[in-house]
Structure formats: structure tokens, C-alpha cells
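What follows is each chain in one-letter form.
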Amino acid sequence: MKSNFKRWIKAAGIRAIKTVAQTAIATIGTCALISEVDWRVVASASVLAGILSILTSIAGLPEVEDEPEDETDDEMD
């Protein structure tokens, strides 16, 4: 169980980081000039996207569900 939780945390964290980066890039890209970027909007939208990504990951992550369980010595006997 602890192993699954560690894999879930890692997979959910990677997804959240990617989502935050994608949101930041998309938000910055909506401005014609870099000087027109409202950095507070970029930061708040990106943080919100990261939180939503983590919450969505609670429903399940295919990366974690598809990986086989680690076999222990007891199971191999």
C-alpha cells in the first residue's frame, strides 16, 4: 500500500507540474506583448490548474493502475 501511495504521489505531482506549466504558457500566450502580461493572473490560473489536477488525480491515474505490483519473496514461493 505504501508503495502504491508513493507511485501515486509521484505520478500526480508530475501531472500537476505539467498542467501548471501548460496553463502558464497558455495564459502568457494570450498577450500580444510580454510587458502586457498580468503575472498575478498567470500565477493564480496556474496554481488553480495544479490544484484541480491533483483533485482530478484522486479519481485515478492510469500510470499507477497499469503498473504491476512489486512481488515479494513470500509471493514467489
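Quantities reported herein were computed from a predicted structural model and do not represent experimental measurements.

Procedures and definitions
- Residues numbered from 1 in each chain as written.
- Predicted model: local features only at pLDDT ≥ 70, side-chain atom pairs only at ≥ 80, totals over all residues.
- Heavy atoms only, no water.
- Axes fitted to C-alpha atoms, helices over the stretch in contact; angles between N-to-C directions.
- Helix = DSSP H or I, 4+ residues; strand = E, 2+ residues; numbered from the N terminus.
- Parallel < 35°, antiparallel > 145°, perpendicular 65-115°, else oblique.
- Left-handed = near helix turned anticlockwise from the far one by under 90°.
- Contact = heavy atoms within 4.5 Å.
- Nonpolar A, V, L, I, M, F, W, Y, C, P; charged D, E, K, R; others polar.
- Patch = residues over 30% accessible without salt bridge, like charges linked within 9 Å, V, L, I, M, F, W, Y side chains within 5 Å.
- Areas by Shrake-Rupley, 256 points an atom, 1.4 Å probe, with all protein chains shown as cover.
- Salt bridge = Lys/Arg side-chain N within 4 Å of Asp/Glu carboxyl O.
- Phe/Tyr/Trp six-rings, centres within 6.5 Å; stacked < 30°, edge-to-face > 60°.
- Buried < 20%, exposed > 50% of the residue type's maximum accessible area, 1.4 Å probe, protein only.
- Expected span 1.5 Å × (residues − 1).
- Polar contact = N/O pair within 3.5 Å; in protein donor to acceptor, adjacent residues only side chain to side chain.

Undergrad: Would you mind going over the packing of helix α1 (residues 2–29) against helix α2 (residues 39–57) with me for this structure?
TA: Angle between the axes and distance between the axes: these two values describe a pair of packed helices. At a minimum axis separation of 8 Å, α1 and α2 run at an interaxial angle of 150°. Judged by the inter-axis angle, α1 sits roughly antiparallel to α2. At the point where α1 passes α2, the crossing takes the right-handed sense. For the pair α1 and α2, contact is made by Trp8, Ala12, Gly13, Arg15, Ala16, Thr19, Val20, Thr23, Ala24, Thr27 and Ile28 and by Trp39, Val41, Val42, Ala45, Ser46, Ala49, Gly50, Ser53, Ile54 and Ser57, respectively. For the contact of α1 with α2, a count of residues per class yields twelve nonpolar, eight polar and one charged.

Undergrad: Which parts of the structure should I look at to understand the side chain of serine 57?
TA: With respect to the helices, strands and loops of the structure, serine 57 is situated in helix α2. Among residues more than four places away in sequence, those in contact with serine 57 are Trp8, Ala12 and Arg15.

Undergrad: Hey, could you run me through a nonpolar patch on the surface in this one?
TA: Together, Val47, Leu48, Ile51, Leu52, Leu55 and Ile58 line one region of the surface with nonpolar side chains, adding up to about 580 Å² of accessible area. Within the element layout of this structure, isoleucine 58 appears in the loop between α2 and α3 (62–65).

Undergrad: Just checking my understanding: could you explain the packing of aromatic side chains for this structure?
TA: To describe a pair of aromatic rings, you give the distance between the ring centres and the angle between the ring planes. Summed over all chains, the structure comprises one aromatic pair. On the basis of an interplanar angle of 15° and a centroid distance of 6.5 Å, the ring pair of phenylalanine 5 and tryptophan 8 is categorised as stacked. Taken as a pair, phenylalanine 5 and tryptophan 8 lie in helix α1 at a separation of three residues, close to a single helical turn. Phenylalanine 5 sits in the exposed class, given a relative accessible area of 52%.

Undergrad: When you look at α1 in this model, what are you seeing that I'm missing?
TA: Given 3.6 residues per turn, any residue in an α-helix points the same way as the ones three and four places further on. Taking 1.5 Å of rise per residue, 28 residues should cover 40 Å, and α1 covers 40 Å from first to last C-alpha, within 8% of that figure. In this structure, the buried side of α1 is in contact with α2 and α3.

Undergrad: Hey, could you run me through the environment of serine 46 in this one?
TA: With respect to the helices and strands, the residue serine 46 is situated in helix α2. Looking at serine 46, the relative accessible area reads 6%, which means it is buried. For serine 46 and valine 20, which are 26 residues apart along the polypeptide, the C-alpha to C-alpha distance reads 4.7 Å. If we ignore the near neighbours within four places in the chain, the residues touching serine 46 are Val20, Thr23 and Ala24. A distance of 3.4 Å separates a polar side-chain atom of serine 46 from the backbone nitrogen of alanine 24.

Honestly, it's all geometry; don't read function into it.
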